[in-house]
Amino acid sequence: MKAIRVNEFGGAEVLKLEETPDLKPGPGQVLVRVKAAGVNPVDTYIRTGTYGARKPALPFTPGMDGAGIVESVGTGVTRVKAGDRVYLADSISGTYAELALCSEAQAHALPGKVSFAQGAAVWVPYATAYRALFQMAHAKAGETVLVHGASGGVGVAAVQIARAAGLRVIGTGGTEQGRKLVLEQGAHFAVDHRGGDYLAEVLVHTGGQGVNVILEMLANVNLGKVLPILARNGRVVVIGSRGPVEINPRDLMGRDARIIGMSLLTAPPEDAAGIRSALAAGMENGTLRPVVGREMPLADAAKAHTAIMEGGALGKIVLIP
Ligand code: NAP
């Protein structure tokens, strides 16, 4: 089978398309013919070998998100069978490949109305958005949420989920096309995080009351400046950060406000089970509608890694084996 392999940690150029031996499922494992693999920023951090939470042994195939058809199952597997459409919530062997091995717990039914490319955009983005909104911020209907970085994978997911749950949604995008997408996905307002005093504009959209919840995609740039636009009892969930940042704790103190860090990778099993149930319901009732901005051939994995870090996001980038 063909797979993207990382033989040494480094830049995007270390991603190479290689011929590797076919995989066979062991007991409790599922082999999936991958139809689409989702590209996430975390894949690029892992590729460099500097990401503390996950440093695979070399060589390895990257990718935590994917969707496809079950090829075969190992002994003891009862929840899925050959021929089933599934999305993957992480895998054992990596999803940037024609075949991916996963545990039974990582393979989940993909309804017929959700395409494989969309299925490859389900787990990391939607699980992160759901966990941030409900398991971390405990967001409630009627509250206002600022999705700070709403045009990308997690942001689009957060906008859709928050809107369906009755929140007032303000999303940011760095391009006109991105902001158009954010509005199309359900945001009440979209503002430009690359332009002037856009946080003052956010405050105006709350009638000066401040936002109850902020989902922060780039905390190292934004954390210090978003705290003053929080409402009383406001919560900031740090989803993405690429370095240190300075804050003024008094911006929190006067508001009884909180900053909450989160990582999907370390979610306890009971939380992950809750997320999977919510995602299944969202796919069934149509509130979960992954947006695929770009499909690229598997061989272009290096270009996809460069593209996802360049900005100008429009939903997800997926690789097609
Ligand atoms: P993505 O698809 O690449 O999207 C990145 C988003 O950030 C885009 O909406 C982008 O907008 C926006 N952005 C760029 N500059 C910004 C700024 N100055 N202020 C606010 N937003 C800005 O990435 P993603 O998959 O949505 O992930 C977003 C972040 O969350 C990444 O850092 C990722 O590593 C992290 N993440 C963390 C977890 C976790 O468990 N904690 C899970 C998933 C993702 P434009 O491109 O329109 O400028």
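Residues numbered from 1 in each chain as written. Predicted model: local features only at pLDDT ≥ 70, side-chain atom pairs only at ≥ 80, totals over all residues. Heavy atoms only, no water.

Student: Any chance you could explain unusual backbone geometry here in plain terms?
Tutor: Peptide bonds are, in most cases, trans, and in most cases residues other than glycine have a negative phi. Residue proline 59 follows leucine 58 across a cis peptide bond; omega there is -15°. Along the chain, the position of proline 59 falls in the loop between helix 1 (41–48) and strand 4 (65–73). Although it is not a glycine, aspartate 90 sits at a positive phi angle of roughly 80°. Topologically, aspartate 90 is positioned in the loop between strand 5 (85–89) and strand 6 (99–103). (Helix = DSSP H or I, 4+ residues; strand = E, 2+ residues; numbered from the N terminus.)

Student: So what exactly am I meant to see when it comes to the side chain of histidine 148 here?
Tutor: By secondary structure assignment, the location of histidine 148 is in strand 8 (residues 144–148). For histidine 148, a relative accessible area of 2% puts it in the buried group. At 2.8 Å, the side chain of histidine 148 forms a polar contact with the side chain of tyrosine 198. Ignoring any residue separated from it by four or fewer positions in sequence, one finds histidine 148 in contact with Thr172, His193, Tyr198, Leu199, Ile214, Leu215, Glu216, Met217, Asn222 and Val226. (Buried < 20%, exposed > 50% of the residue type's maximum accessible area, 1.4 Å probe, protein only. Polar contact = N/O pair within 3.5 Å; in protein donor to acceptor, adjacent residues only side chain to side chain. Contact = heavy atoms within 4.5 Å.)

Student: Explain the packing of helix 1 against helix 10 (residues 301–310) here, please?
Tutor: Remark: helix 1 packs on helix 10, axes separated minimally by 9 Å, with the N-to-C direction vectors making an angle of 115°. Considering only the axes of helix 1 and helix 10, their crossing is left-handed. When helix 1 is examined against helix 10, the residues Pro41, Asp43, Thr44, Tyr45 and Arg47 are found in contact with a partner set consisting of His305, Ile308 and Met309. The class makeup of the residues in the contact of helix 1 with helix 10 is four nonpolar, two polar and two charged. (Axes fitted to C-alpha atoms, helices over the stretch in contact; angles between N-to-C directions. Left-handed = near helix turned anticlockwise from the far one by under 90°. Nonpolar A, V, L, I, M, F, W, Y, C, P; charged D, E, K, R; others polar.)

Student: Which parts of the structure should I look at to understand the sheet that holds strand 13 (residues 258–261)?
Tutor: The strands making up a sheet associate through hydrogen bonds between their backbones, and the pairing can be parallel or antiparallel. Reading across from one edge, 10-9-8-11-12-13 is the order of the six strands in this open sheet, with parallel pairing throughout. Each edge of the sheet is formed by a strand with only one pairing partner; in this case those strands are strand 10 (189–192) and strand 13. Between one strand axis and the next, the sheet turns by 20° as a mean value, whatever way the strands run. Inspection of the sheet shows strand 8 paired to strand 11 (residues 211–216) by four bridges, in the parallel sense. Along strand 11, the bridge assignment pairs leucine 146 with isoleucine 214. Across the sheet, helix 5 (residues 176–184) touches strand 9 (168–173) and strand 10, and the angle it forms with strand 10 is around 160°. (Pairing = 2+ DSSP bridges.)

Student: Looking at this structure, how should I read the environment of leucine 223?
Tutor: Looking at the secondary structure, you find leucine 223 in helix 7 (residues 219–226). Overall, the relative accessible area of 7% leaves leucine 223 in the buried class. Taking the C-alpha atoms as reference points, leucine 223 and valine 245, 22 residues apart in sequence, are found 7.0 Å from one another.

Student: Any chance you could explain the site of the ligand here in plain terms?
Tutor: Taken together, 28 residues surround the ligand, and among them Tyr45, Ser151, His193, Leu264 and Gly312 come closest. Arginine 194 is positioned such that a nitrogen or oxygen atom in its side chain is 2.9 Å from an oxygen atom of the ligand. The fraction of the free accessible surface of the ligand (930 Å²) that becomes covered by protein chains is 88%. Put simply, the ligand lies in the largest pocket. Only helix 1, helix 3 (123–136) and helix 4 (153–164) provide two or more residues apiece to the shell around the ligand. Residues lining the shell around the ligand come from more than one domain, with at least three contributed by each of domain 1 (2–122 + 290–320) and domain 2 (125–265). (Near = heavy atom within 4 Å. Areas by Shrake-Rupley, 256 points an atom, 1.4 Å probe, with all protein chains shown as cover. 1 Å grid on protein atoms, 1.4 Å probe; cavity = no way out; pocket = protein on both sides within 12 Å on 5 of 7 lines; lining within 4 Å. Sits in = over half its atoms within 2 Å of the grid points. Domains from an automatic or database assignment.)

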